[in-house]
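Chains, contacts and geometry: an overview
So you can see what is in the structure, the chains are spelled out below.
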Amino acid sequence: MDLTFPIEFNVLGTPVSLQAKRARSKEAWKEKVRAASLEVLPVGHFATERPVAVTLYYFTAVPRTGDIDNILKPTLDALIRHVYLNDGQVERIVAQKFKPGDVFPFTAPSPVLAEALQSVRPIVYIRLSDDPFEDLT
């Protein structure tokens, strides 16, 4: 079964950094991402061969947290052979970390993003699209 884009889901918890010393922590985070995505993906789906764009918003629970760039790789790697065949298909990434009190008002959040905005923190919102040029004007 082919995937229908966009795909959106939330992952509760603090993402693990690429620089984490414990490999077990990174694998646990990847499994958490995969499990969250399974809630919105059809059973028996095929990973897409198309280029993809990824939006990742990390809503932190505390002001001092890790670097946003270091949480991208483990999160994106969790989706290899699951949503896309390899991470070379990722042609666009939009990533932002929102500290408590620093969230700007989104004008028209999707229901999944609205859920993340209202949820207990920390939480990561992930959106995948098969159009790397969407919203570029």
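For the structure itself, consult the block above.
Residues numbered from 1 in each chain as written. Predicted model: local features only at pLDDT ≥ 70, side-chain atom pairs only at ≥ 80, totals over all residues. Heavy atoms only, no water.

Side chains of residues three or four places apart in an α-helix project in the same direction, reflecting 3.6 residues per turn. Turning to helix α3 (residues 111–118), its buried residues number three or more, namely Leu-113, Ala-116 and Leu-117. Mapping the buried residues of α3 onto a view down its axis gives an arc of 100 degrees, with all of them on the same face. Exposed residues pointing more than 90 degrees away from the buried face of α3 are listed as Pro-111 and Gln-118. (Buried < 20%, exposed > 50% of the residue type's maximum accessible area, 1.4 Å probe, protein only. Helix = DSSP H or I, 4+ residues; strand = E, 2+ residues; numbered from the N terminus. Arc of directions from axis to C-beta.)

Here the focus is the sheet that holds strand β1 (residues 7–12). Within the open sheet, the four strands sit side by side as β1-β4-β2-β3. Their pairing is mixed. Strand pairing shows two members of the sheet lacking a second neighbour, β1 and β3 (90–98), which therefore form its edges. Going across the sheet, the axis of each strand differs from the next one's by a mean of 15 degrees, ignoring polarity. Across eight bridges, strand β2 (residues 52–59) lies against β3 in parallel orientation. Paired with Val-52 across the bridge in β3 is Val-90. Along the sheet, helix α1 (residues 23–38) makes contact with β1 and β4 (123–129), crossing β1 at roughly 135 degrees. (Pairing = 2+ DSSP bridges. Axes fitted to C-alpha atoms, helices over the stretch in contact; angles between N-to-C directions. Contact = heavy atoms within 4.5 Å.)

When two helices pack together, their arrangement is captured by the angle between the axes and the distance separating the axes. For the pair α1 and helix α2 (residues 68–77), the least separation of the axes is 8 Å and the interaxial angle reads 60 degrees. One way to sum up the angle between α1 and α2 is to call them oblique. When you trace α1 past α2, the crossing you get is right-handed. Where α1 abuts α2, its residues Trp-29, Lys-30, Val-33 and Arg-34 lie against Pro-74, Thr-75 and Asp-77. (Parallel < 35°, antiparallel > 145°, perpendicular 65-115°, else oblique. Left-handed = near helix turned anticlockwise from the far one by under 90°.)

What the rule picks out here adds up to six salt bridges. In this structure, the salt-bridge partner of Arg-34 is Glu-31, at a minimum N-O distance of 3.4 Å. Taken together, the positions of Arg-34 and Glu-31, both in helix α1 and three residues apart, correspond to about one turn of that helix. Given a relative accessible area of 44%, Glu-31 falls into the partly exposed group. (Salt bridge = Lys/Arg side-chain N within 4 Å of Asp/Glu carboxyl O.)

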